[in-house]
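# Coordinate analysis (summary)
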Amino acid sequence: MIDFLHTLLNPDLPFLRNALIAGLLASIAFGMVGTYVVTRRITYIAGAIAHCILGGIGIALYIKYKVGLEWVNPMGGALCAAIFAALLLGLVSQYAHEREDTLIGALWTVGMAVGLLFIAQTPGYVDPMSYLFGNILLIGTQDLWLIAGLDILIAGLCIALYKPLLAICFDETFALLRGLPARGLYLLLLVMTAITIVLLVRLVGIILVIALLTLPAAIAGHMAKKLWQMMALAILLCMGFITGGLSLSYELNLPSGPTMVLLAGAIYLLVIAGGRYIKKAKSFSRPQKRA
Amino acid sequence: MPQAIVEFDSVNFGYTTSPILEEVNFALEPQEAVCIVGPNGSGKTTLLKLMLGLITPSSGSIQIFGKAPIEARKHIGYVPQHILYDPLFPITVLEVVLMARLGKSYFGWRRRAEDLAAAERALDDVGLQGLEEQSFQTLSGGQKQRVLIARALACEPELLLLDEPTANLDLAVEFQLVETLMRHRKNMTLVMVSHDLDFVSKVVEKVLCVNRRVAVHRTGTLSEKVIQETYGPGLRIIRHDEHCHHD
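This is a predicted model, so every value here is computed, not measured. (Residues numbered from 1 in each chain as written. Chains lettered and ligands numbered in written order. Predicted model: local features only at pLDDT ≥ 70, side-chain atom pairs only at ≥ 80, totals over all residues. Heavy atoms only, no water.)

Our next topic: the sheet that holds strand β9 (residues 213-218) of chain B. Within a sheet, neighbouring strands are paired by backbone hydrogen bonds and run either parallel or antiparallel to one another. All names here are of chain B. With mixed pairing, the 6 strands of this open sheet are ordered in space as β5-β6-β7-β3-β8-β9. The sheet terminates laterally at β5 (76-79) and β9, the two strands that pair on one side only. When the angles between neighbouring strand axes are averaged without regard to direction, this sheet yields 15°. Note that β5 and strand β6 (residues 159-163) share 4 bridges and pair parallel. Across the sheet, Gly77 pairs through a bridge with Leu160, a residue of β6. Sheet contacts for helix α4 (residues 141-154): β5 and β6; angle to β5, the most-contacted strand, approximately 175°. (Pairing = 2+ DSSP bridges. Helix = DSSP H or I, 4+ residues; strand = E, 2+ residues; numbered from the N terminus. Axes fitted to C-alpha atoms, helices over the stretch in contact; angles between N-to-C directions. Contact = heavy atoms within 4.5 Å.)

Once that is clear, we can look at the side chain of Arg73 of chain B. All names here are of chain B. Of note, Arg73 is situated in the loop between β4 (59-64) and β5. Glu71 is the oppositely charged side chain nearest to the buried, salt-bridge-free Arg73, at an N-O distance of 11 Å. A polar side-chain atom of Arg73 sits 3.1 Å from the main-chain carbonyl oxygen of Gly53. (Buried < 20%, exposed > 50% of the residue type's maximum accessible area, 1.4 Å probe, protein only. Lys, Arg positive; Asp, Glu negative; His and termini not counted. Salt bridge = Lys/Arg side-chain N within 4 Å of Asp/Glu carboxyl O. Polar contact = N/O pair within 3.5 Å; in protein donor to acceptor, adjacent residues only side chain to side chain.)

Right, let's talk about the sheet that holds β4 of chain B for a bit. Residue and element names in this part refer to chain B. Taken in spatial order, the 3 strands of this open sheet run β2-β1-β4, and their pairing is antiparallel. Each edge of the sheet is formed by a strand with only one pairing partner; in this case those strands are β2 (21-28) and β4. Adjacent strand axes in the sheet meet at a mean angle of 10° when their direction is disregarded. Of the pairings in the sheet, the one linking strand β1 (residues 6-13) to β2 comprises 5 bridges and is antiparallel in character.

The subject of this paragraph is the pairing of strand β7 (residues 189-193) of chain B. Residue and element names in this part refer to chain B. Burial runs high along β7: 5 of the 5 residues are buried. Burial of the side chains of β7 extends over both faces: Thr189, Val191 and Val193 are buried on one face and Leu190 and Met192 on the other. Where strand β3 (residues 33-37) and β7 come together, 4 bridges link them in parallel fashion. The residue bridging Ala33 from the neighbouring strand is Leu190, located in β7. In terms of strand pairing, β6 meets β7 through 5 bridges, oriented parallel. Counted as the bridge partner of Leu162 is Met192 from β7.

On the chain A side, the residues contacting the 34 residues of chain B number 31 residues. For the pair chain B and chain A, the summed buried surface comes to about 3,100 Å²; carbon and sulfur atoms form 65% of the total. With a shortest N-O distance of 3.2 Å, Glu133 of chain B and Lys226 of chain A are connected by a salt bridge. In this assembly, chain B and chain A are joined by 7 residue pairs in polar contact (both at pLDDT 80 or more). Those elements giving two or more residues to the side of chain B that touches chain A turn out to be β5 and α2 (93-98) of chain B. Each residue belonging to the side of chain B that touches chain A can be placed in one class, and the counts come to 21 nonpolar, 6 polar and 7 charged. (Buried area = accessible area lost by both parts, 1.4 Å probe. Nonpolar A, V, L, I, M, F, W, Y, C, P; charged D, E, K, R; others polar.)

Turning our attention to the packing of helix α8 (residues 162-170) of chain A against helix α10 (residues 182-221) of chain A. All names here are of chain A. The geometry of α8 relative to α10 is characterised by a closest axis approach of 10 Å and an angle of 95° between their N-to-C directions. On the basis of the axis angle, α8 is roughly perpendicular to α10. Across the interface between the two elements, Pro164, Leu165, Ile168 and Cys169 of α8 pack against Ala182, Leu185, Tyr186 and Leu189 of α10. Grouping the amino acids of the contact of α8 with α10 by side-chain chemistry returns 8 nonpolar, no polar and no charged. (Parallel < 35°, antiparallel > 145°, perpendicular 65-115°, else oblique.)

So, on to the confidence of the model for chain A. Considering every residue of chain A, the mean pLDDT works out to 88; 97% of them sit at 70 or more. Taking the mean pLDDT of every element in chain A, the minimum, 81, falls on helix α1 (residues 2-9) of chain A and the maximum, 94, on helix α11 (residues 227-252) of chain A. (pLDDT = per-residue confidence, 0-100.)

For the rest of this paragraph, the subject is the packing of helix α3 (residues 43-67) of chain A against helix α5 (residues 100-121) of chain A. All names here are of chain A. Remark: α3 packs on α5, axes separated minimally by 7 Å, with the N-to-C direction vectors making an angle of 25°. Taken together, the axes of α3 and α5 lie roughly parallel to each other. When the axes of α3 and α5 are compared, the crossing they make is left-handed. Taken together, the residues of the contact of α3 with α5 sort by class into 16 nonpolar, 7 polar and 2 charged. (Left-handed = near helix turned anticlockwise from the far one by under 90°.)

So, in structure tokens, the structure goes:
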């Protein structure tokens, strides 16, 4: 822990400080969007969007190095793929009579396959692992501004549209009947999820991003009485997992992304087990009613 | 003759090629209370969904307040049979009821005083005053049903559609619901789906017997023959002694 704090405060070593600031800033978007993802029960859709990103990254890298369009950026490709996947899944689930879970599975795997195929055909060596698992320690100052901008956008939308988003997450049919553009709001929610995932993939990678998006919100959901409380608690928990995971990984020389996710997973299991134990204990201590 | 609130004209509907509703014709007048009865799968909920504009008929026309159902939605309150939601959803009773007022105040966090007053009145109406800040997930099935009824009442509707409102209610609460609906009879047209013929006979004067086709009967003329025609010949009708009722 001392080593971690020492490096964090060392002005000549900005990588750990940047990583921590990025993690704390990212927690705001993770907590807010994650709360909607958990309560609207679209974790699998978020997973499919995250995995589709590799397809966008692969195509962008191929265009950049094979076709020679230097201005093409892999993260731009990721953003296009994520928004495309979000809109496709949203429109299919709303309008088409197609099995949603089958489409999620198809997009999930086809996105990965397209990405790996294009990366394999791209000249030079591109390591897909850096996109799959990310590396929070490579975050630069420009990334911090980008994440801060995302936070402002997400927080602004969540505050302005708090009531309608609450309504479509709880009972979409009733929201529609009250004259809300429920389908448009659902698509907006998916696009917000897609943008959050793309920008935060740099921290923990495509595979682990869903854990940080959903686990803090899922834990918070066991304790909160209102949606905004769940968001606030999810943000604080996410900040705790990122700080704790980062310091543990630094002290024990472990990869940072998996350490954060394992920490979040362990606390989630403890909360579920603890909740069940408390429920059981309460039911035993309750006086038995006479017949 | 007053303008019909609900008007079905030669309506046909089917999710696939086989029809669920055939040649449906009926009209409801202001302040009428009607009940839709019929066996499972006969098209009762489909009839409500058509009135709400959630589905469109294969042929024929539906007019609600003289408009297409989608345009008339702001005048309609709806109590679904059940809602699909996350059982751990963090929401209070008041927040659920305030959803009724969404069409009136949309952006931001602030709640308007008139919305709060309408929600409080609706909760009083269903006997849930004092539970405003209670978490919705901790309520019993019957209490949740009453919150959904309060949410529909808070819309201040001119047409109230209820899909099996007594499904989760005990006799005492059902009695309270009868009283609430009777109180609101003067201000709105009531349409409810129910299998509870005892409940039906107390609240409504007209019954729509649905079994692919719709036949309209006055409650007083609802004979065993009509019920058996609707539900099928296998039905056994047992009449309860009047003392079995809720007093």
